[in-house]
Amino acid sequence: MSDEPVRILVVDDELGMREGCRKILTAEGFEVETAADGMAGLEIFEKRRNFAAALIDMKMPRMDGVQLIEKIRQQNDDIVLLVITAYATIETAVEATKRGAYGYIPKPFTPDELLLAVRNGLERRELILRAKRLQEERERRMLEVAYERSQSKTIINCMTDGVIAVNREGQIVLQNTAASRVVAECCSVDTPAPLSALKCEELAVLLRDALHAASGPAILSKEIRFGESTYMVNTSSVREPSGETIGAVSVLRDITARKKLEEEKSMFVSMVAHEIKSPLAAIENYLNVILGGMGGDVSEKARKMLDRSLARTQALRQMVADLMGLTAIETGRFTIKRVSLDVAAVAAAVVEECKENADAKQIQLSFEKPGDIEPALADRDAIHSIVKNLVDNAIKYTPNGGHVNVRLEHNGMYVRVVVKDDGIGMTEEEKGKIFEEFYRAKNEYTAYVPGTGLGLSLVKRLVEMHQGRIIVQTAVGRGSTFSVSLPILESAAKGTNGGGAT
């Protein structure tokens, strides 16, 4: 309510009545103006207008009370109009009420009777004003909601990706224009409609799985063919802040052109890798047999050459494995399932696995996890592969007696895994190429370090599939720091366009 005093207009042709009312009301904190007849009262009202109530006599010269009430009411619906008269009858009361009066006070009256009538009228006025404000706020909010819905619908329909949403009962409640082009049945579906109307069991299964996911928010991703085209379908549950599932949504992205190029490349790589795999296994077995002494004595000089050959063979076998992994990702045969994951626990397990290799080089391998780390929306096997590659690399490229540190950080909407070493580091040129397939820095130190040049490429692909990012800070002779940021469970679940693959 306003701090300004409530203004009341008193219109009566009797001076004593006007002044009596003014004194009583002023003593109670009201601000009062008076007029000697109906015409003067109307002039004052039209000039000031900010009156909350008016006390009006019925019998006055130039304009009587009924006429004044009617004219004031035409200009202000909220003002409280009270009739004060010594000639009150049922007929006059009814007439005054018809014209807009709230009630009447018969003369003579006591101060308490006057104040009771005025306060009752003002309380009623405040309730009416409050109801109007609530109604206006409700209408404003309804307009905002309608505008937001219209805006959201326009945005969704403008998307080149198909969008299909279902409610908690598994009924289709939304599909945009792009979805209608992809899934032909969407053109003839009147929402709400059952999932069976889509006639695509793979898509229906993804939506049902997301809708009934018991382990919290999850983003399920799969490549699905519709006719001659291939689409990446990312599906997520939609949840209330309380965690209750209220629906699920699928986003369909056309990857046909990219898929064709990747398949051609992957077919070649797969063929070459397969043809190399068997001969490599045979060579490695023969080398192990010779080094084991089963083929006779081996001189020290020959042993060194055979050890070097075995190391190179093992590196080549690892390259084949990495190639097969990349091929699986590119051809859609690699599946990730992003669920609530304790990344810190996975990183700690990797550190334990790598301790033997670190100890062999007298490298101090440490792990830090300050405080509680929120879970990420991630695939356990993929995150294990990411951290394992980074830690293995750090150990390989750190001289004997060095340090490798793995730590977890919580950075806003991300969980960050940081792998830091004090190894050989990289030049700016090397840094810009390390995520390229088959790239390996060439210098006097790396010449003796086995590797395929595919590990970091695989890491980057897996990180991107999790809608994360990887950055590196490095300098020659000062070590390298790799930072992998993964969306935490809460922030990742808000999106529906997950970055996974199958």
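In this report, the structure presented in the accompanying data block is examined. Note that this is a predicted model, so its numbers are computed, not measured. (Residues numbered from 1 in each chain as written. Predicted model: local features only at pLDDT ≥ 70, side-chain atom pairs only at ≥ 80, totals over all residues. Heavy atoms only, no water.)

Examining the environment of Ala 360
- One can find Ala 360 in helix α10 (residues 343-360).
- Spatially, the C-alpha atoms of Ala 360 and Asn 400 are 8.6 Å apart, while their sequence positions differ by 40 residues. (Helix = DSSP H or I, 4+ residues; strand = E, 2+ residues; numbered from the N terminus.)

Section: the environment of Glu 202
- Mapping Glu 202 onto the fold places it in helix α7 (residues 201-211).
- Look at Glu 202 and you get partly exposed, because its relative accessible area is 36%.
- As for Glu 202 and Arg 225, which are separated by 23 residues in sequence, their C-alpha atoms are 9.6 Å apart.
- Contacts of Glu 202, omitting those with residues within four sequence positions, involve Lys 222 and Ile 224. (Buried < 20%, exposed > 50% of the residue type's maximum accessible area, 1.4 Å probe, protein only. Contact = heavy atoms within 4.5 Å.)

Focus on the sheet that holds strand β18 (residues 480-487)
- Ordered by their spatial adjacency, five strands build an open sheet running β13-β15-β16-β18-β17, and the pairing between neighbours is mixed. Here the strands that pair on one side only, and so sit at the sheet edges, are β13 (364-368) and β17 (469-474). Taken pair by pair, the neighbouring strands of this sheet meet at an average axis angle of 15°, ignoring direction.
- The pairing of β13 with strand β15 (residues 403-411) spans five bridges and is parallel. Along β15, the bridge assignment pairs Ser 366 with Asn 405.
- Strands in contact with α10 are β13, β15, β16 (414-421) and β18; relative to β13, the strand with the most contacts, it is inclined by about 170°. (Pairing = 2+ DSSP bridges. Axes fitted to C-alpha atoms, helices over the stretch in contact; angles between N-to-C directions.)

Observations regarding the packing of helix α11 (residues 380-396) against helix α13 (residues 455-465)
- Across the interface, α11 lies against α13 with an axial gap of 9 Å and an inter-helix angle of 145°. Where α11 crosses over α13, the two elements pack in a sense that is left-handed. Here Ala 382, Ser 385, Ile 386, Asn 389, Leu 390 and Asn 393 of α11 lie close against α13, whose contacting residues are Gly 455, Leu 456, Leu 458, Val 459, Leu 462 and Val 463.
- Considering only residue class, the contact of α11 with α13 consists of eight nonpolar, four polar and no charged. (Left-handed = near helix turned anticlockwise from the far one by under 90°. Nonpolar A, V, L, I, M, F, W, Y, C, P; charged D, E, K, R; others polar.)

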